[in-house]
Amino acid sequence: MKIVVTGASGYVGRNIVPVLKGQCEELVLVGRDPVKLKQIFPDITSCTLAELPTVAKGFDSLVHLAVLNNNVQGDEADFHSVNVELTCKMAEAARACGIKSFYNISSVHVLDDQNLALYAKTKRAAIKALKEVKGIDVTNVYLPFVRGAQWNGKLAFLSTMPSVIAKPLESCLLALKPTVKIELLADYILHPPYHKDTVILSDGQSHNLAYRVIKRGLDLLFALLVIGFFWWALLLVWILVRCGSSGPGIFAQERVGRYGKPFTCYKFRTMKEGTVQAGTHEVSQASVTGIGKFLRGTKVDELPQVWNILKNEISLIGPRPGLPVQTELFKQRKDRGVFDVKPGISGLAQVNNVDMSDPEKLAQWDARYISLQSLLLDIKITLATVLGNGQGDKVAK
């Protein structure tokens, strides 16, 4: 492949350029100061934006790293000039050169619409503006904390510690927040599976033993606390459900779990007996019992799932398990690798009011959770759930 990189003098650029150089046919660096780039990478071609058509005609892709970050002094006009105008100008220049793909690299902080920092605001504006650039495949790639060949910033001390100490400490620190190795970004650019408008790259937590152990420990602690201290409340709710309408107090239903395998999920019954087995959004509001409305709104109906936690079928936080009859949701989740993790009692989609009525959107949010999975995110979702964010799947009106 033949690749163009902008912003190569930054941290991500300094780490990814050597990786790309060793695996692509030709590499060109673009910047306002080619002399400075030549000093950093003496054996790689450097040029200005004006010179790009001469040196990069017909290249395969352009990786846009040039950005104004929050650690740089500047007003909104400065940030807009670099993060929006320059980004669009680079995309248009790439298209004019016959370059096929444009990768706009951003931080995952941009995904949070509540983040009003100048970097986040202007990067979101750039993503919106790039939709108007036609004739080139544009992919917005969101990255968490990027790990280069050596740890940097506050974690630089890990590079100087003995491996026997650094490895377990590193595993615990990586459990707190999502990260991505520079090699993963380079591999995605060199071997993109297919074109997508939006990509979140991270190493995930599936291979992090510290995350798995701590998460499982917190799940078990939650289940035991509910059973040990609130058994009387569970019993009271069961009695109220039984007295409120005919039918069992506990509703057992087959759901799709990890790896797509079915399991029996337990909840307090909130629907009238005989209600059709379908997604909640397909069930009439008239089917909800009197106490069921309260239980669903407060999420108390989910508490019997502590038994599923003890059986290791479900976690406190994760994608909400769907029904086997929800074939479109099953397909969307399978395509995005959502079944690689255990389902949860609450999840990122639910606290953002995304329910099962839109299978594709729900699967996208589930995939986002897996990419951003961390202990701090799990705690944030737990607190949001307790505070009442997201009112559960909406029934049909």
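Visitor: Please set out the pairing of strand β4 (residues 61–64) residue by residue, giving values where relevant.
Guide: Taken residue by residue, a regular strand's side chains alternate between the two faces of the sheet. Alternating residues of β4 divide into S61 and V63 and L62 and H64, and every residue in both groups is buried. With four bridges connecting them, strand β1 (residues 2–6) and β4 associate as parallel partners. Across the sheet, I3 pairs through a bridge with S61, a residue of β4. For β4 and strand β5 (residues 101–107), the ladder comprises four bridges, and the chain directions are parallel. Its bridge partner being in β5, S61 is matched across the sheet by S101.

Visitor: Describe the sheet that holds strand β3 (residues 45–47), naming the residues involved and giving the relevant values.
Guide: Strand order across the open sheet formed by seven strands is β3-β2-β1-β4-β5-β6-β9, with parallel pairing between neighbours. For this open sheet the edge positions go to β3 and β9 (198–200), each flanked by a neighbour on one side alone. In this sheet, adjacent strand axes meet at a mean angle of 25° when their direction is disregarded. Along the sheet face, helix α1 (residues 11–21) touches β1 and β2 (26–30) and points at about 155° away from the line of β2.

Visitor: I'd like a rundown of the packing of aromatic side chains, residues and numbers included.
Guide: The geometry of an aromatic ring pair is captured by the separation of the ring centres together with the interplanar angle, meaning the angle of the planes. Applying the stated criterion across every chain, the model contains two aromatic pairs. Here Y103 and Y188 contribute two aromatic rings whose centre-to-centre distance is 6.1 Å and whose plane-to-plane angle is 80°, an arrangement assigned as edge-to-face. A residue pair is termed long-range when its members are at least 10 positions apart, and Y103 in strand β5 and Y188 in helix α7 (residues 182–190) qualify at 85 residues. In this structure Y103 comes out as buried when scored by relative accessible area, which is 4%. When the ring of F330 is compared with that of F339, the centres are 4.9 Å apart and the planes differ by 40°; the resulting orientation is tilted. Judged by its relative accessible area of 30%, F330 falls in the partly exposed class. Above the plane of the ring of W365 lies R368, whose end atom (NZ or CZ) is 4.3 Å from the centre.

Visitor: Which residues make up the pattern of salt bridges, and what are the values?
Guide: Counted under the stated rule, the structure contains 13 salt bridges. K215 is paired through a salt bridge with D378; the nearest N and O atoms lie 3.0 Å apart. Within this pair, whereas K215 is found in helix α8 (residues 209–244), its partner D378 is found in helix α14 (residues 375–386), the two being separated by 163 residues in sequence. Here the two residues K215 and D378 agree in accessibility, since each one is buried. The network of salt bridges with common partners includes K267, D301, E302 and R320.

Quick notes on the rules
Residues numbered from 1 in each chain as written. Predicted model: local features only at pLDDT ≥ 70, side-chain atom pairs only at ≥ 80, totals over all residues. Heavy atoms only, no water. Buried < 20%, exposed > 50% of the residue type's maximum accessible area, 1.4 Å probe, protein only. Helix = DSSP H or I, 4+ residues; strand = E, 2+ residues; numbered from the N terminus. Pairing = 2+ DSSP bridges. Axes fitted to C-alpha atoms, helices over the stretch in contact; angles between N-to-C directions. Contact = heavy atoms within 4.5 Å. Phe/Tyr/Trp six-rings, centres within 6.5 Å; stacked < 30°, edge-to-face > 60°. Lys NZ or Arg CZ within 6 Å of the ring centre and 35° of its normal. Salt bridge = Lys/Arg side-chain N within 4 Å of Asp/Glu carboxyl O.

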